[in-house]
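Each chain, letter by letter, is given below.
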Amino acid sequence: VYKRQREKRPGAAAEAYRKAVSLYRGDFLAEDLYLEWAIPRRERLRNLYLEALEWLALHHFRRGEYRESIHYAELILEKDGCREDAHRLLMRCYARLGQRNRALRQYHLCRETVQRELDIEPMPETTVLYERIRSGEEV
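Below or above, wherever it landed, is the structure these notes cover. This structure is a prediction, so every number in the text was calculated from the model and none was measured.

## Focus: the packing of aromatic side chains
Counted by the stated rule, this structure contains 4 aromatic pairs. Judged by centre distance (5.0 Å) and plane angle (40°), the ring pair of Tyr 17 and Trp 55 falls under tilted. Pair noted here: Tyr 17 is in helix 2 (residues 10–23) and Trp 55 is in helix 3 (residues 38–62), with a separation of 38 residues, a long-range link. Using a relative accessible area of 11% as the deciding quantity, one classes Tyr 17 as buried. Between the aromatic rings of Tyr 24 and Tyr 49, the centroid separation amounts to 3.9 Å while the plane-to-plane angle is 15°, which identifies the pairing as stacked. Taken as a pair, Tyr 24 in the loop between helix 2 and helix 3 and Tyr 49 in helix 3 lie far apart in primary sequence, 25 residues in all. Of the residues examined, Tyr 24 reaches a relative accessible area of 18% and is grouped as buried. Assessed through its relative accessible area of 12%, Tyr 49 is described here as buried.

Definitions and cut-offs
Residues numbered from 1 in each chain as written. Predicted model: local features only at pLDDT ≥ 70, side-chain atom pairs only at ≥ 80, totals over all residues. Heavy atoms only, no water. Phe/Tyr/Trp six-rings, centres within 6.5 Å; stacked < 30°, edge-to-face > 60°. Helix = DSSP H or I, 4+ residues; strand = E, 2+ residues; numbered from the N terminus. Buried < 20%, exposed > 50% of the residue type's maximum accessible area, 1.4 Å probe, protein only.

Listed below in structure tokens is the structure:
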């Protein structure tokens with residue numbers, strides 16, 4: 001879905017993305033991970049899937065539909081647990097739903113994941129969001 005169309009008709013774009021997401025059945029030729037010719041296609045399809053999920057998660061967040069946003073952010077993390085943007089979105093959703101403890105727990109899950117998988121600390125913006133939620137600020 002092109003950017004201009006998404007902006008003019010977000011409801012139609014959301015429906016198109018939901019349909020595309022529902023059609024995704026996992027990584028292309030996942031049973032043959034080392035087929036050279038399949039690797040670029042697999043990555044492209046996976047990236048398109050993640051882009052659709054991200055758009056849907058943000059679309060619902062902007063509309064105040066936090067539970068729907070949570071659903072799509074969780075799907076992102078199922079595919080890529082190191083996506084800090086998805087962790088931050090979950091933290092914001094939980095905080096806005098009044099589930100501060102879940103928001104704080106999400107930060108710790110993010111921190112553990114990026115340390116284990118990438119051997120790094122969370123991005124500064126993730127830690128700043130955590131501190132804001134911890135201190136009771138609006139996010």
